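Spelled out, the chains give:
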Amino acid sequence: FVLNKVAPAGVPGSSAEGAQTPHFQFGEAELIGIQRADPTEAGQRSFLSAIEREIPPVNFKYYEDPADSAVFKGLRNVIGSGVVADYRTMSWVIFKSTSHPETFRLRLMGKGRFYRPYEDTVLWEENCTCESPDTPNGPTLESLTAQYGAQARQMFGELAVQCGGQLARRFIDAASQTPQ
């Protein structure tokens, strides 16, 4: 997770005079706090709970990390020819606002899918991208990293919930258009 690297002269992001672009340094504690912000669980719950509400009587069983090889082997045995719903966070980034240089924005990319492990077949798959608003009163780098990244964790969790909701709506729309 890189906010901005120092670019040497002649590399995009550096000036013709050889001046380097600004870079940001974090203490180890701040980086560890932000790295633990992984919002996958919030996105997964949002994605699956919205589908459960719209398409009863679906009843999902939640697994911590279904893609983990040990869990996946167990799922194949338990589910047999059943279907697995999976949500994962593909990336989450903090970047500087181009409109308001003193503030930062957050972007989260997620993926939802339904697949049959037994046949190794993907039945439905979509990606989503959610960003925090670009406003003059957006968060500063200091506020995002304070208290081991508490504000960043909260904001990434909110973006994951938005992403999960978007994916659920897309799945429900696709399911409603599929002939029975």
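Located above this text is the structure these notes cover.
Residues numbered from 1 in each chain as written. Predicted model: local features only at pLDDT ≥ 70, side-chain atom pairs only at ≥ 80, totals over all residues. Heavy atoms only, no water.

Student: Quick question: what am I supposed to make of unusual backbone geometry here?
Tutor: Peptide bonds are mostly trans, and most non-glycine residues show a negative phi. Despite not being glycine, glutamine 147 shows a phi value in the positive range, around 50°. Mapped onto the elements of the fold, glutamine 147 is located in helix H4 (residues 141-177). Residue glutamine 147 is classed as exposed on the basis of its relative accessible area, which comes to 65%. Not every positive phi belongs to a glycine, and tyrosine 148 is a case in point at roughly 60°. Looking at the secondary structure, you find tyrosine 148 in helix H4. Note on tyrosine 148: relative accessible area 53%, which makes it exposed. (Helix = DSSP H or I, 4+ residues; strand = E, 2+ residues; numbered from the N terminus. Buried < 20%, exposed > 50% of the residue type's maximum accessible area, 1.4 Å probe, protein only.)

Student: What should I look at first to understand the pattern of salt bridges in this one?
Tutor: Think of it this way: side chains of opposite charge can pair up when their charged atoms draw near. As enumerated under the stated definition, the model contains seven salt bridges in all. Salt-bridge contacts for glutamate 41 lead to arginine 45; the nearest nitrogen and oxygen are separated by 3.9 Å. Within this pair, glutamate 41 and its partner arginine 45 are both found in helix H2 (residues 40-54), separated by four residues, close to a single helical turn. Owing to a relative accessible area of 48%, glutamate 41 belongs among the partly exposed residues under this scheme. Among the ionic pairs, arginine 113 bridges to aspartate 86, the shortest N-O distance being 3.1 Å. Highlighted residues: arginine 113 in strand E2 (residues 104-116) and aspartate 86 in strand E1 (residues 84-96), separated in sequence by 27 residues. (Salt bridge = Lys/Arg side-chain N within 4 Å of Asp/Glu carboxyl O.)

Student: Is there a simple way to explain H4 in this structure?
Tutor: What sets the pattern is the α-helix's 3.6 residues per turn: residues three or four places apart point alike. Helix length check: H4 (37 residues) gives 44 Å between terminal C-alpha atoms against 54 Å at 1.5 Å per residue, more than 12% under. If you look at H4, its biggest bend is around 120°, right at tyrosine 148. (Expected span 1.5 Å × (residues − 1). Bend = angle between axes of the 7 residues up to and from the residue.)

Student: Please explain the packing of H2 against H4 as it appears in this structure.
Tutor: The description of two helices packed together rests on the angle between their axes and the distance between the axes. Taken N-terminus to C-terminus, the directions of H2 and H4 make an angle of 35°; their axes are 7 Å apart at the nearest point. Of the two elements, H2 crosses H4, and the hand of that crossing is right-handed. Here Ala42, Gly43, Ser46, Phe47, Ala50, Ile51 and Glu54 of H2 lie close against H4, whose contacting residues are Gly157, Ala160, Val161, Gly164, Gly165, Leu167, Ala168, Phe171 and Ile172. Residue composition of the contact of H2 with H4, by class: ten nonpolar, five polar and one charged. (Axes fitted to C-alpha atoms, helices over the stretch in contact; angles between N-to-C directions. Left-handed = near helix turned anticlockwise from the far one by under 90°. Contact = heavy atoms within 4.5 Å. Nonpolar A, V, L, I, M, F, W, Y, C, P; charged D, E, K, R; others polar.)

Student: I tried to follow the packing of aromatic side chains on my own but got confused; where do I start?
Tutor: For any pair of aromatic rings, the description consists of the separation of the ring centres together with the inter-plane angle of the planes. Per the counting criterion, the structure on display carries seven aromatic pairs. By way of ring pairs, the aromatic residues Phe47, Tyr87, Phe114, Trp124 and Phe171 are connected into one cluster. Taking the ring centre of phenylalanine 95 as reference, the NZ or CZ of arginine 107 above it sits at 4.4 Å. The ring of tyrosine 115 carries arginine 113 above its face, with NZ or CZ at 4.0 Å from the centroid. (Phe/Tyr/Trp six-rings, centres within 6.5 Å; stacked < 30°, edge-to-face > 60°. Lys NZ or Arg CZ within 6 Å of the ring centre and 35° of its normal.)

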